[in-house]
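Reading the structure
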Amino acid sequence: MKHPFTRQTGRNLRRLALLGASLLLTLTLAPASAGADNPIVQTLYTADPAPLVHNGRVYLYTGHDEDGSTYFTMKEWRVYSSADMVNWTDHGSPMSLSTFSWASADAWAGHVAYRNGKFYWYVPVKNRSTGGMAIGVGVSSSPTGPFTDALGRPLVENGEIDPNVLIDDDGQAYLYWGNPRLWYVRLNTDMISYSGSPTQIALTTSGYGTRTGNTSRPTLYEEGPWVYKRNGLYYNVFAAECCSEFIGYSTASGPTGPWTYRGTVMPRQGGSFTNHAGVVDFNGGSYFFYHNGALPGGGGYTRSVAVEKFTYNSNGTIPTINMTSSGAPQIGTLNPYVRQEAETIAWESGVETEPASEGTLDVGWIDNGDYLKVKGVAFGSGATSFTARVASAGAGGNIELRLDSLSGPVVGTCGVAGTGGYQTWATVSCGVSGATGTRDLYLRFTGSGGGLFNVNWWQFGGGVSGGNQLTNADMEAGTTGWAVFGSGTLAPDTSVVHGGSRSLLITGRTASWNGIRQDVTAKLVNGKSYTTNVWVRTQSGTPSAKVTLAVTANGSTGYVQLTPATTVNSGGWTQLTGTATVSWTGTLSGASLYVETAAGTDGYYLDDASFQ
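Residues numbered from 1 in each chain as written. Predicted model: local features only at pLDDT ≥ 70, side-chain atom pairs only at ≥ 80, totals over all residues. Heavy atoms only, no water.

1. Section: the state of the cysteines
Here the structure, examined in full by the defined rule, presents two disulfides. Put simply, Cys242 and Cys243 are joined by a disulfide, and their sulfur atoms are 1.4 Å apart. In this structure the cystine formed by Cys242 and Cys243 twists about its S-S bond by roughly 45 degrees; its chirality is therefore right-handed. The class for Cys242 is partly exposed, based on a relative accessible area of 26%. (Disulfide = S-S within 2.5 Å. Buried < 20%, exposed > 50% of the residue type's maximum accessible area, 1.4 Å probe, protein only.)

This is the structure in structure tokens:
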């Protein structure tokens, strides 16, 4: 960790640059108090969104424009995720130019596809040996990485960019890419090789619209194809007619055409001369991702990803979508009574994220007056306490808990003392009063000077009916309250933790259904819905894991799946989360909550659980 003076000197220089630029952009960026949620990320510049829906979350893969860029200076890719479309968790950079030993520069627009239990990230980079742009493939067993080079060489190379993958209903996968031309190739089922040769898609004016004044490029197609299938119709949404670009689209009855141009999706807007689209359906809604130059200091080389919700027309056409500062509406609410990563943010001012020594990321670079906004926090009948994991190399400061706005009511203030380092972690708590209902939460930071402290996670407690039903949910009391479902050996572990100083480790499982369990018989209410959140990490292997409730009533045992099955791995912690209704007939005699895998007997760690 850097010395506080070094941290703040660099941070303040950036702030001065952003402040000067923001004077020119006051009409572009609305303040958080006005309800702005676009752009999605404010801690740095992001570009070229590639959303992927997986296990009840939207994973957003982006590029990263370096501060002060005067060209497309990009060295890494980033990952964010959300279950509600407004509070986005920063997962850091799981892949960079250094992932590809043969690449020298230009970590540009990529796309992620999921198949065979793995995530494949197709990206254009400059090939060191040829000097031209080539398509590489990163692979990971987790949507948040880390990713490794799947081939050790380019998958395909013809000097063009912007890969996109469609896996059709028959299982055939297609890789599309191109600028100034448009190409496709049929991928094999391993997703890292292909059959046949790259085929050029004919760019006709009927298929891609008419461009005037440029005889070398007679159609509107520029770059950034996003090909997907919906209700039997194939869509190609693309960046059109630089510069500045708008977003257009074409449709076809098959994955390779022939294509028919359908018009404009997003007009030329937003302060960036490029745009790049990504389209997904999630939780019953349709979402359009793009980038603009809306942040202070933003422009064509310092872009920011944003999102809008939209509805297809009845005939399947896409309506015109305009950029907004409000963004997509929230899906559901955020639960404050389970541990929330500090880097889960709807809006922020002044802070940045960085890797934390305890795992995941932390929020740092905090000065007096900086803040985090978390949207739609469901306090219910009321919270009585607040706990945060913090670290400070200086004198620390305070965390003010405000509702609704930066000037809203203060429901609690937590003091943070010096801990001896920005990665020397301590847990602080304070009382809370007046936090009821569903409200926007502002964590406002105060103190003298800069570099006040870092925050790793936070959690509210108490005061709500139906709070966490688990004993020793953070595992800090070792195995207290926990046991083994089936066979295995359970022990506390201090070397691999998600939060705090302990997790639980189970080894010696003899069947996939064996796992760490807790008896919740006395805690259940018949017919009630429960939300489950646990963090899991394997010792080795990448099994699919889920949380299950075994309910025994009138001598018969039934099983309730509490969370969707999710791939877990040894490289990092994975959150299993879900909501399910628990009911039974007759007299309840036993109920055990436990974590199992779909196959295999890998040992695994469990930490920071809630069932409420």
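2. A word on the pairing of strand β30 (residues 397-403)
Counting buried residues in β30 gives six out of seven residues, a clear majority hidden from the surface. Summarising the sheet, β30 and strand β31 (residues 410-416) pair through six bridges and their orientation is antiparallel. Among the inter-strand pairings, Glu400 is bridged to a residue of β31, identified as Thr413. Where β30 folds back on β31, the antiparallel hairpin that results is connected by six residues, among which Asp404 adopts a positive phi of roughly 80 degrees. Judged from the six bridges that link them, β30 and strand β33 (residues 438-446) form a sheet pairing that is antiparallel. By the bridge assignment for β33, Leu403 is matched with Leu441. (Helix = DSSP H or I, 4+ residues; strand = E, 2+ residues; numbered from the N terminus. Pairing = 2+ DSSP bridges.)

3. Focus: the pattern of salt bridges
Taken as a whole and judged by the stated rule, the model has 18 salt bridges. Arg268 is the salt-bridge partner of Glu241, the closest N and O atoms lying 2.8 Å from each other. Placement of Glu241 in the loop between β17 (233-240) and β18 (246-252) and of Arg268 in the loop between β19 (260-266) and β20 (278-282) is noted, with a sequence separation of 27 residues between them. Arg268 sits in the partly exposed class, given a relative accessible area of 42%. Among the ionic pairs, Glu358 bridges to Arg389, the shortest N-O distance being 2.6 Å. Of this pair, Glu358 sits in the loop between β26 (352-355) and β27 (361-364) while Arg389 sits in strand β29 (residues 385-392), and the two are 31 residues apart along the sequence. (Salt bridge = Lys/Arg side-chain N within 4 Å of Asp/Glu carboxyl O.)

4. Comments concerning the packing of aromatic side chains
Scanning the entire structure with this criterion turns up 37 aromatic pairs. Here the aromatic rings of Phe238 and Tyr261 are separated by 6.4 Å at their centres, their planes lie at 45 degrees, and the arrangement is tilted. In this pair, Phe238 sits in strand β17 while Tyr261 sits in strand β19, placing the two residues 23 residues apart along the sequence. Look at Phe238 and you get buried, because its relative accessible area is 0%. By relative accessible area, which is 22% here, Tyr261 ends up partly exposed. (Phe/Tyr/Trp six-rings, centres within 6.5 Å; stacked < 30°, edge-to-face > 60°.)

5. Points about empty space enclosed by the protein
Under the definition given, this model contains three cavities of 30 Å³ or more. Quantified by volume, the largest cavity comes out at close to 80 Å³. Within the lining of the largest cavity, the residues separate by chemical class into five nonpolar, three polar and three charged. (1 Å grid on protein atoms, 1.4 Å probe; cavity = no way out; pocket = protein on both sides within 12 Å on 5 of 7 lines; lining within 4 Å. Points joined across faces, edges and corners; volume = space filled by probe spheres on them. Nonpolar A, V, L, I, M, F, W, Y, C, P; charged D, E, K, R; others polar.)

6. Considerations on the confidence of the model for the protein chain
Put simply, the protein chain has an average pLDDT of 91, and 93% of its residues get 70 or more. Per-residue pLDDT stays below 50 along residues 1-34; that stretch engages in 61 contacts with residues further than four places along the chain or on separate chains. (pLDDT = per-residue confidence, 0-100. Contact = heavy atoms within 4.5 Å.)

7. Observations concerning unusual backbone geometry
In this structure, Pro146 follows Gly145 across a cis peptide bond, with omega equal to 10 degrees. Position of Pro146 relative to the elements: it lies in the loop between β9 (133-140) and β10 (148-149). Here the amide bond leading from Asn179 into Pro180 is cis, since omega sits at 20 degrees, within 30 degrees of zero. Relative to the helices and strands, Pro180 is located in the loop between β13 (173-177) and β14 (183-187).

8. Observations concerning the nonpolar core
Judged by nonpolar contacts, the single largest core of 44 residues is most densely connected at Tyr61, Trp121, Val237, Phe288 and Ile318. Ranked by residues supplied to this core, first place goes to strand β8 (residues 118-127) with four residues. For Phe288, the contacting residues outside a window of four places in its chain are Val237, Ile247, Val265, Met266, Ala277, Gly278, Val279, Ala306, Val307, Glu308, Phe310 and Ile321. (Core = buried A, V, L, I, M, F, W, Y, C linked by side-chain atoms within 4.5 Å.)

9. Some thoughts on the pairing of strand β39 (residues 528-538)
Examined bridge by bridge, β39 and strand β43 (residues 574-582) share nine bridges and lie antiparallel to one another. Paired with Tyr530 across the two strands is Ala580, which belongs to β43. Across six bridges, the pairing between β39 and strand β45 (residues 604-611) is antiparallel. Residue pairing across strands places Trp535 opposite Asp607, the latter belonging to β45.

10. Some thoughts on the sheet that holds strand β21 (residues 285-292)
Taken together, the three strands give an open sheet; going across it, the order is β20-β21-β22, and neighbouring strands pair in antiparallel fashion. Since the sheet does not close on itself, it has two edges, and those belong to β20 and β22 (304-310), each with one partner. Ignoring strand direction, the axes of neighbouring strands in this sheet form an average angle of 25 degrees. The pairing of β21 with β22 spans seven bridges and is classified as antiparallel. Note on β22: the bridge partner recorded for Phe288 is Glu308. (Axes fitted to C-alpha atoms, helices over the stretch in contact; angles between N-to-C directions.)

11. So, the environment of Val432
Secondary-structure assignment places Val432 in the loop between β32 (421-431) and β33. Setting aside its immediate chain neighbours within four residues, Val432 contacts Ala383, Thr384, Ser385, Phe386, Leu401, Val411 and Phe460.

12. Structural notes on the sheet that holds β18
Sheets are built from strands that pair by backbone hydrogen bonding, the pairs being arranged parallel or antiparallel. Strand order across the open sheet formed by four strands is β16-β17-β18-β19, with antiparallel pairing between neighbours. Either end of the sheet is taken by a strand with one partner, and the two such strands are β16 (221-230) and β19. Mean inter-strand twist for the sheet, computed between neighbouring axes without regard to direction, equals 25 degrees. Pairing geometry for β17 and β18, over seven bridges, is antiparallel. Of the residues in β18, the one forming a bridge with Ala239 is Ile247.

13. Some thoughts on the side chain of Asn38
Examined against the element boundaries, Asn38 turns out to sit in the loop between α1 (4-22) and β1 (45-54). Within the local environment of Asn38, its side chain forms a polar contact with the backbone oxygen of Thr324, the two atoms lying 3.1 Å apart. (Polar contact = N/O pair within 3.5 Å; in protein donor to acceptor, adjacent residues only side chain to side chain.)

14. Concerning the side chain of Asp362
For Asp362, the location among the structural elements is in strand β27. Within the structure, Asp362 has its side chain in polar contact with the side chain of Gln423 (distance 3.0 Å). Those residues in contact with Asp362 that lie beyond four places of it in its chain are Glu343, Glu352, Thr353, Glu354, Pro355, Ala356, Gln423, Trp425, Asn454, Val455 and Asn456.

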